[in-house]
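# What the coordinates show
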Amino acid sequence: MSLKLEESWKVVLEGEFEKDYMKKLRSFLQSEQKQQKIIYPVNSLIFNAFEHTSFDKVKVVILGQDPYHGANQAHGLSFSVQKGMQIPPSLQNIFKELQAEYNDFQIPKHGDLSSWADQGVLLLNATLTVEASKPGSHQNQGWEIFTDRTIQIISEKRNRIVFLLWGKYAQAKAGLIDHNKHLILTAAHPSPFSAYNGFFGCNHFILANEYLQRNGEKGVDWKVE
């Protein structure tokens, strides 16, 4: 596991990497690789969300669950896929919601959300690795402890962050966040199985920007080009 973290994250998360759970997680990943198992994303992209979005610049957190488990899809940003890959159904629905909220939003031809991450949108999966073709295969190995701690540290050390929690799994993380300091927006997951149960029409992208602007922050340009 390549520890590639932007400097401001190293300061706030430094202690986590010496804890027992992280040592066990490293051993698990090394064992998987020794068995020639294919793991996504590639080693250098596991902490890509932290590389694109420094701790000091986080404005919005969008929480996903697992990386995509198909070849060349996952690149360390929740809901995002590498350029050249087909746009997954949940991301297609995110783009549909954006088009409904913003008349000038153009549905992009790719699903790479790096431009959001570079503006301060932390695209964080609860689990940062997965075995090829086996969704959920790296759950309960220690990643969730690390990402829960990440959410807690953002809540404790930053102010007026927007947390977008879509679906029951993400909503269960609300207890890690100080409701008095931050805006927590919840809705159904954008998956085709649930998007019509409250994701469509949630207006989360507009509401997030209104909150940021009210608090003296620049809103996010949600365009994907």
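It should be noted that the structure appears before, not after, this text.
Notes on the structure follow. (Residues numbered from 1 in each chain as written. Predicted model: local features only at pLDDT ≥ 70, side-chain atom pairs only at ≥ 80, totals over all residues. Heavy atoms only, no water.)

Now for the overall build of the chain. Broken down by element type, the chain carries eight helices and six strands. Along its sequence from the N terminus, the chain presents helices and strands in the succession α-α-β-α-β-α-α-β-β-α-β-α-β-α. The globule rule puts the C-alpha radius of gyration for 225 residues at 17 Å, and the 17 Å found for the chain is close to it. Long-range contacts, defined as pairs at least 24 residues apart, comprise 68% of the intrachain contacts of the chain with a sequence gap of at least 6. The average position of the 24 basic charges and that of the 24 acidic charges among the side chains of the chain differ by 2 Å. (Helix = DSSP H or I, 4+ residues; strand = E, 2+ residues; numbered from the N terminus. Rg over C-alpha atoms; globule rule 2.2 N^0.38 Å. Contact = heavy atoms within 4.5 Å. Lys, Arg positive; Asp, Glu negative; His and termini not counted. Charge placed at Lys NZ, Arg CZ, Asp CG, Glu CD.)

Another aspect to go through is the environment of glycine 219. Position of glycine 219 relative to the elements: it lies in the segment after helix H8 (204-214). Glycine 219 sits in the buried class, given a relative accessible area of 14%. In this structure, the C-alpha to C-alpha distance between glycine 219 and asparagine 209, residues 10 residues apart in sequence, is 4.6 Å. Ignoring anything within four residues of it in the chain, the contact list for glycine 219 reads Lys59, Gln119, Asn209, Leu212 and Gln213. (Buried < 20%, exposed > 50% of the residue type's maximum accessible area, 1.4 Å probe, protein only.)

Between its first and last C-alpha, helix H4 (residues 89-101) extends 19 Å over 13 residues, near the 18 Å set by a 1.5 Å rise per residue. The set of residues buried in H4 consists of Ser90, Leu91, Asn93, Ile94, Phe95, Glu97, Leu98 and Glu101. Looking at the buried positions of H4, the neighbouring elements they touch are helix H5 (114-117), strand E5 (162-166) and H8. (Expected span 1.5 Å × (residues − 1).)

What follows is about the packing of H4 against H8. At a minimum axis separation of 8 Å, H4 and H8 run at an interaxial angle of 65 degrees. Along the contact surface, H4 presents Ile94, Glu97, Leu98 and Glu101, while H8 presents His204, Phe205 and Ile206. The residue makeup of the contact of H4 with H8, split by class, is four nonpolar, one polar and two charged. (Axes fitted to C-alpha atoms, helices over the stretch in contact; angles between N-to-C directions. Nonpolar A, V, L, I, M, F, W, Y, C, P; charged D, E, K, R; others polar.)

On to the nonpolar core, then. One finds Trp9, Phe50, Trp116 and Phe146 to be the most contacted residues of the largest nonpolar core, which totals 71 residues. The residues touching tryptophan 9, leaving out its near neighbours within four places in the chain, are Glu14, Phe50, Thr53, Ser54, Phe55, Val58, Leu122, Thr150 and Ile154. (Core = buried A, V, L, I, M, F, W, Y, C linked by side-chain atoms within 4.5 Å.)

Bringing the pattern of salt bridges into the picture now. All told, the structure shown has eight salt bridges when counted by the stated rule. Residue lysine 134 pairs with glutamate 131 through a salt bridge whose shortest N-O separation is 3.6 Å. Note on lysine 134: relative accessible area 43%, which makes it partly exposed. As a salt-bridge pair, glutamate 156 and arginine 149 come within 3.5 Å of each other at their nearest N and O atoms. (Salt bridge = Lys/Arg side-chain N within 4 Å of Asp/Glu carboxyl O.)

It is worth spelling out the side chain of serine 114 at this point. Positionally, serine 114 belongs in helix H5. Filtering out sequence-adjacent residues up to four positions away, serine 114 remains in contact with His52, His75 and Leu77.

This part is about the packing of aromatic side chains. Per the stated rule, a full pass over the model turns up 18 aromatic pairs. Pairing tryptophan 116 with tryptophan 222 gives two aromatic rings, centres 4.9 Å apart and planes at 85 degrees, and the pair type is edge-to-face. With tryptophan 116 in helix H5 and tryptophan 222 in the segment after H8, this pair connects stretches of sequence that are 106 residues apart. In this structure tryptophan 222 comes out as buried when scored by relative accessible area, which is 3%. (Phe/Tyr/Trp six-rings, centres within 6.5 Å; stacked < 30°, edge-to-face > 60°.)

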